[in-house]
Amino acid sequence: MLAARSFKLAVLCAALLSVNARSLQQAEAPAPGGALSPVDIANFALQLEYLEAQFYSCAATGQPLPSSLLGNGAPAVTGCQKANLTTVGQQLASELMHNEMNHVEVLRAALGSAAVSAPLINIGSSFSEILNAALGNPASPAYSPYDNDIFFLLGAFMFEDVGVTAYEGAIQALANSPYLQTAARIAAVEAYQAGIVRSFLFQANEGKNPNWPYQPTISTVVGDIAKLRAGASNSADDVGILNGTTATLVPVDNQSLVFLRDPTQVLDIVTLGKGATGGGFFPNGLNGGLTSTSLSGVGGSISSGTAPQPTAG
């Protein structure tokens with residue numbers, strides 16, 4: 001697996017480093033009117049990859065990412081734990097860890113000296129905050145994504161779909177930049193990963209799982225998390241794994257197209273409604289050009305409780 005990972009990384013890095021200097025200079029030019037530049041968008045994606053890679057690294061190995069992947073001055077991640085996983089769960093966590101570590105390396109290579117360091121990332125209490133908000137009250141017993149396979153999958157669900165929609169939204173802003181192909185290829189991987197997580201959760205919902213202590217079914221809680229994310233986006237841009245009795249393993253709109261989110265919408269989800277000021281997974285905000293004045297669109301609050309009812313595609 002490590003040999004395959006090294007080969008994949010070498011091929012991707014070679015492709016990225018072959019971008020001509022003129023294109024890279026154009027991408028690094030500031031965007032007019034204080035808007036986000038392609039470099040800002042790529043750095044936004046990089047910080048989402050830091051989040052995912054840190055979670056899967058901790059879940060799979062009990063260790064955070066090596067400092068060499070995080071940039072100068074990156075603070076230590078909080079909440080890192082080794083997950084209590086079965087053989088299948090461990091295999092999934094390990095594969096996702098390698099994918100996300102590769103994404104961090106590829107984006108850092110593409111950005112070069114413009115790559116931002118990882119900000120402070122909370123992969124502990126943020127998960128329980130999201131579940132509590134989705135349930136409308138504190139979960140009992142307290143939720144941790146490191147307790148078992150089902151809880152790990154639920155934690156992964158909280159941001160895997162978000163990664164897909166974030167990349168698909170970013171692709172439009174990267175249309176004339178050298179980061180476009182990389183973003184499109186990573187988006188496809190994120191979609192594969194999200195589909196696997198959703199499928200496992202759907203299968204778990206079908207049986208009596210001894211590791212599920214809550215009164216709502218797994219599918220109900222997954223649907224509540226989807227509604228919460230839709231509320232943060234101020235739109236019906238999310239679905240759970242069931243719509244009534246119909247499976248919705250592929251989250252798409254009514255035209256069977258993937259949902260798109262702009263940076264403000266994504267930030268409101270990963271910061272629990274705090275936006276550029278920071279909160280949730282990013283307690284102190286993000287690094288780079290993501291400021292309240294640079295973001296486009298108007299996001300809602302993840303704790304507003306005004307989420308539209310998602311519909312199946």
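From a predicted model like this one, the values you see are computed outputs, not experimental measurements.

J.: What exactly am I supposed to notice about the overall build of the protein here?
T.: The secondary structure content of the protein amounts to nine helices and two strands. Listing every helix and strand of the protein by position from the N terminus yields α-α-α-α-α-α-α-α-β-β-α. Out of the 313 residues in the protein, the part that is buried amounts to 52%. Surface summary for the protein: the accessible area is close to 13300 Å², and the carbon and sulfur share equals 55%.

J.: Can you help me understand the packing of aromatic side chains in this one?
T.: The geometry of an aromatic ring pair is captured by the separation of the ring centres together with the interplanar angle, meaning the angle of the planes. Under the criterion given, the structure shown has 14 aromatic pairs. Linked through ring pairs, Phe55, Tyr56, Phe127, Tyr146, Phe152, Phe159 and Phe281 together constitute an aromatic cluster. One residue, Arg229, lies across the ring of Phe157, its end atom 4.3 Å from the ring centre.

J.: Looking at this model, I keep getting lost on the pattern of salt bridges. Mind explaining?
T.: Summed over all chains, the structure comprises five salt bridges. Arg198 is the partner of Asp161 in a salt bridge, and the nearest nitrogen-oxygen pair spans 2.5 Å. Here the residue Asp161 occupies a position in helix 6 (residues 149–173), and Arg198 occupies one in helix 7 (residues 180–206), the gap between them amounting to 37 residues. Look at Asp161 and you get buried, because its relative accessible area is 6%. The class for Arg198 is buried, based on a relative accessible area of 1%. One salt bridge in this structure joins Asp237 and Arg261, with 3.1 Å as the shortest N-O distance. Here the residue Asp237 occupies a position in the loop between helix 8 (218–233) and strand 1 (242–243), and Arg261 occupies one in the loop between strand 2 (246–247) and helix 9 (263–270), the gap between them amounting to 24 residues.

J.: So what exactly am I meant to see when it comes to helix 3 (residues 38–61) here?
T.: Each α-helix turn comprises 3.6 residues. Residues three or four places apart therefore point the same way. For helix 3, which comprises 24 residues, the first-to-last C-alpha distance of 34 Å matches the rise-based estimate of 34 Å (1.5 Å per residue) to within 8%. The buried fraction of helix 3 amounts to 23 of the 24 residues, a majority that puts the element mostly inside the structure. Backbone geometry just downstream of helix 3 places Gly62 in the positive-phi region, at approximately 80 degrees.

J.: Hey, could you run me through the nonpolar core in this one?
T.: Soluble, globular proteins show a tendency: their nonpolar side chains are buried together. Counting residues in each nonpolar core, the largest one holds 84 residues, and the members touching the most others are Phe55, Ile123, Phe127, Leu131 and Phe152. Contributions of two or more residues to this core are made by helix 3, helix 4 (87–111), helix 5 (125–135), helix 6, helix 7, helix 8 and helix 9. Apart from the residues within four sequence positions on either side, Phe127 is in contact with Phe55, Tyr143, Pro145, Tyr146, Gly155, Met158, Phe159 and Phe281.

J.: What's the story with the confidence of the model for the protein in this structure? I'm lost.
T.: Close reading of the predicted structure is inappropriate where its pLDDT is low. Confidence in the prediction for the protein averages 82 pLDDT; 81% of positions are at 70 or higher. Within the protein, helix 2 (residues 21–28) has the poorest average pLDDT of any element, 36, and helix 4 the best, 97. Of the regions scoring below 50 in pLDDT, residues 1–33 engages in 37 contacts with residues more than four places distant in sequence or in other chains. Low confidence marks residues 296–313, where pLDDT is under 50. Its contacts with residues over four positions away, or in another chain, come to 45 contacts.

J.: Looking at this structure, how should I read the packing of helix 5 against helix 8?
T.: Relative placement of two packed helices is described by the angle separating their axes and the distance separating the axes. Following both chains from N to C, one finds helix 5 and helix 8 inclined at 95 degrees, their axes separated by 9 Å at the closest point. It follows from the interaxial angle that helix 5 and helix 8 lie roughly perpendicular. Residues Ile130, Leu131, Ala133, Ala134 and Leu135 of helix 5 lie in contact with helix 8, whose contacting residues are Val221, Asp224, Ile225 and Leu228.

J.: I keep staring at the environment of Thr78 and nothing clicks. Help me out?
T.: Looking at the element boundaries, Thr78 is found in the loop between helix 3 and helix 4. By relative accessible area, Thr78 is classed as partly exposed at 32%. Spatially, the C-alpha atom of Thr78 lies 9.6 Å from that of Phe281, the residues being 203 residues apart in sequence.

The rules behind the values
- Residues numbered from 1 in each chain as written.
- Predicted model: local features only at pLDDT ≥ 70, side-chain atom pairs only at ≥ 80, totals over all residues.
- Heavy atoms only, no water.
- Helix = DSSP H or I, 4+ residues; strand = E, 2+ residues; numbered from the N terminus.
- Buried < 20%, exposed > 50% of the residue type's maximum accessible area, 1.4 Å probe, protein only.
- Areas by Shrake-Rupley, 256 points an atom, 1.4 Å probe, with all protein chains shown as cover.
- Phe/Tyr/Trp six-rings, centres within 6.5 Å; stacked < 30°, edge-to-face > 60°.
- Lys NZ or Arg CZ within 6 Å of the ring centre and 35° of its normal.
- Salt bridge = Lys/Arg side-chain N within 4 Å of Asp/Glu carboxyl O.
- Expected span 1.5 Å × (residues − 1).
- Core = buried A, V, L, I, M, F, W, Y, C linked by side-chain atoms within 4.5 Å.
- Contact = heavy atoms within 4.5 Å.
- pLDDT = per-residue confidence, 0-100.
- Axes fitted to C-alpha atoms, helices over the stretch in contact; angles between N-to-C directions.
- Parallel < 35°, antiparallel > 145°, perpendicular 65-115°, else oblique.

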